[in-house]
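# Remarks on the overall topology
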Amino acid sequence: MENSFGKRLLSTIGAGVVGSALTLGVVANTDLLNAQSKTETPSSVLSSQGKTSNTNVVNTAVTKNTSLSDMVENTSKAIVGITNYQEQGNRFAGGSSISEYGTGSGVVFKIDDKTAYIVTNNHVIEGAAKIEVTTSKGEKAEGELVGSDALTDLAVVKIDKKYVDTYLEFGNSDQVRAGDSVIAIGNPLSLDFSGTVTRGIISAPARSIDVNTSAGAWKMDVIQTDAAINPGNSGGALINEDGEVIGINSLKIAESGVEGIGFAIPSNDVVPLVEQIMKSGKIERPYMGIGLADLSNVPYMYVQHLPKEVEGGVMVTSVDPNSAAAKAGLKEQDVITSINGTNIENAMDLRKVLYSDLKIGDKAKLTIYRDNQKQTVELTLTSNADLK
């Protein structure tokens with residue numbers, strides 16, 4: 001149960017964490033990133049596992065010398081529709097029911113002896129009481145969630161292999177360049193438009209955008225494209241001319257006067273994350289055990305006595321009593337301004353340092369202000385996988 005301070009503070013500042021939705025919120029911040037070079041094509045990681053002799057593999061060998069129409073026809077067989085059914089009403093009062101909440105897309109990326117595995121966006125399946133997968137042939141199958149991750153907006157769903165016989169391989173997203181031709185395949189708006197194909201180019205191979213997820217604010221690395229991506233396309237494939245998946249379509253900027261700005265999660269990011277989800281059902285990350293609120297969103301009554309030099313940071317709104325933070329003595333209303341010497345302006349800064357620069361077992365030295373006094377607190381990071 002959430003403590004009283006956290007309740008008071010969060011009710012004052014409004015919703016600090018965005019609930020589930022079928023379109024991620026995007027903050028228009030598109031700083032260009034330098035793509036990191038990688039030598040291994042990610043398709044070699046996943047596609048080498050679980051192949052069966054009766055499985056059609058749509059990859060470079062199949063599509064390189066075929067026409068665009070043939071490539072689209074082949075790859076479309078591995079694109080599925082995903083329907084999210086959620087519980088409505090009050091089940092304790094006997095009035096609940098399961099009804100359709102929204103639809104999205106997914107990509108079959110692996111088939112083994114019994115099961116076909118589908119990658120999609122977390123926001124497509126988030127909160128689902130039931131997941132239904134619709135194949136390119138119109139057949140419907142019950143989907144089972146393997147695992148998901150809200151921050152990276154990825155999820156894996158599995159179905160019986162009898163429903164599909166084709167999967168796609170991942171290409172190397174580090175090799176894409178601005179101007180490369182790409183195809184987006186998905187189910188915009190609803191399954192009535194299933195298998196919709198749009199064509200465009202890579203507008204920018206590496207962008208960093210601020211997004212609001214159900215796990216909090218995050219800075220996501222993405223590929224920008226002008227291929228039309230609409231609600232319902234989420235979780236579908238961004239495909240190069242060789243029929244390889246170089247991105248999972250995730251979101252777009254939907255503002256008046258804005259056209260042709262869509263984003264996909266790069267395949268080189270998708271592959272290792274999907275492997276973790278396949279292995280443990282979640283992405284294992286360092287865990288401190290605190291709830292946070294951006295200092296800029298905290299009511300003045302809670303920050304009025306801070307020294308003037310404190311212009312940014314995060315306030316601790318709750319502490320897990322069994323966490324590393326509790327053992328280190330962190331308390332509600334402590335204000336964190338740096339980790340291991342890196343300044344923290346907001347909760348997204350803290351998550352980025354925690355998840356990108358540190359690992360489980362590392363020591364984190366926090367600079368905090370408590371009762372307006374500057375202090376240093378050191379803790380050893382544990383794993384979120386240990387949470388029950």
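Look above for the structure.
Residues numbered from 1 in each chain as written. Predicted model: local features only at pLDDT ≥ 70, side-chain atom pairs only at ≥ 80, totals over all residues. Heavy atoms only, no water.

## What about the sheet that holds strand 7 (residues 140-149)?
Strand order in this closed barrel of six strands is 3-4-5-8-7-6, and the pairing throughout is antiparallel. The mean inter-strand angle of the sheet, taken between neighbouring strand axes irrespective of direction, is 40°. Relative to strand 8 (residues 154-160), strand 7 runs antiparallel, the two being bridged by five bridges. Considered in strand 8, the bridge of Asp149 is made with Leu154. Strand contacts of helix 6 (residues 267-280): strand 4 (97-111), strand 5 (115-120), strand 7 and strand 8, with the helix running at about 60° to strand 8, the strand carrying the most contacts. (Pairing = 2+ DSSP bridges. Helix = DSSP H or I, 4+ residues; strand = E, 2+ residues; numbered from the N terminus. Axes fitted to C-alpha atoms, helices over the stretch in contact; angles between N-to-C directions. Contact = heavy atoms within 4.5 Å.)

## Looking at the environment of Ala116
Mapped onto the secondary structure, Ala116 falls in strand 5. Here the alpha-carbon distance between Ala116 and Lys161, two residues 45 residues apart in the chain, equals 4.7 Å. If we skip the residues at most four places from it in the chain, Ala116 touches Val108, Lys110, Ile111, Val157, Lys158, Ile159, Asp160, Lys161 and Val164.

## Quick word on the nonpolar core
With 49 residues, the main nonpolar core has Val107, Val108, Val119, Met220 and Val270 as its most contacted residues. Met288, Ile290, Ile336 and Ile344 belong to the second largest nonpolar core, which has 21 residues in total. (Core = buried A, V, L, I, M, F, W, Y, C linked by side-chain atoms within 4.5 Å. Buried < 20%, exposed > 50% of the residue type's maximum accessible area, 1.4 Å probe, protein only.)

## Quick word on helix 4 (residues 68-76)
Of all the positions in helix 4, only Met71, Val72, Thr75 and Ser76 are classed as buried. For helix 4, the buried positions fall inside an angular range of 125° around the axis, keeping them on one side. (Arc of directions from axis to C-beta.)

## Notes on the packing of aromatic side chains
Applying the stated criterion across every chain yields a total of two aromatic pairs. When the ring of Trp218 is compared with that of Tyr355, the centres are 5.9 Å apart and the planes differ by 50°; the resulting orientation is tilted. With Trp218 in strand 12 (residues 216-225) and Tyr355 in helix 9 (residues 347-357), this residue pair connects regions lying 137 residues apart in the sequence. With a relative accessible area of 28%, Tyr355 lands in the partly exposed category. Above the ring of Tyr117, the side-chain terminus of Lys110 is found at 5.5 Å from the ring centroid. (Phe/Tyr/Trp six-rings, centres within 6.5 Å; stacked < 30°, edge-to-face > 60°. Lys NZ or Arg CZ within 6 Å of the ring centre and 35° of its normal.)

## A word on the pairing of strand 10 (residues 181-186)
A large share of strand 10 lies buried, amounting to five of its six residues. One ladder, built from six bridges, connects strand 10 with strand 11 (residues 196-213); its direction is antiparallel. Residue pairing across strands places Val182 opposite Gly200, the latter belonging to strand 11.

## Focus on helix 9
If you check which residues of helix 9 are buried, you get Ala347, Met348, Leu350, Arg351, Val353 and Leu354. N-cap assignment for helix 9: the residue whose side-chain oxygen lies 3.2 Å from the backbone N of Met348 is Asn346. (Polar contact = N/O pair within 3.5 Å; in protein donor to acceptor, adjacent residues only side chain to side chain.)

## Observations regarding the pattern of salt bridges
For the structure shown, the criterion picks out six salt bridges. Across the salt bridge formed by Arg370 and Asp334, the nearest N and O atoms sit 2.8 Å from each other. One end of the pair, Arg370, is in strand 21 (residues 363-370); the other, Asp334, is in the loop between helix 8 (324-328) and strand 19 (335-339), and 36 residues separate them in sequence. On the basis of relative accessibility, which here comes to 1%, the residue Asp334 falls in the buried class. (Salt bridge = Lys/Arg side-chain N within 4 Å of Asp/Glu carboxyl O.)

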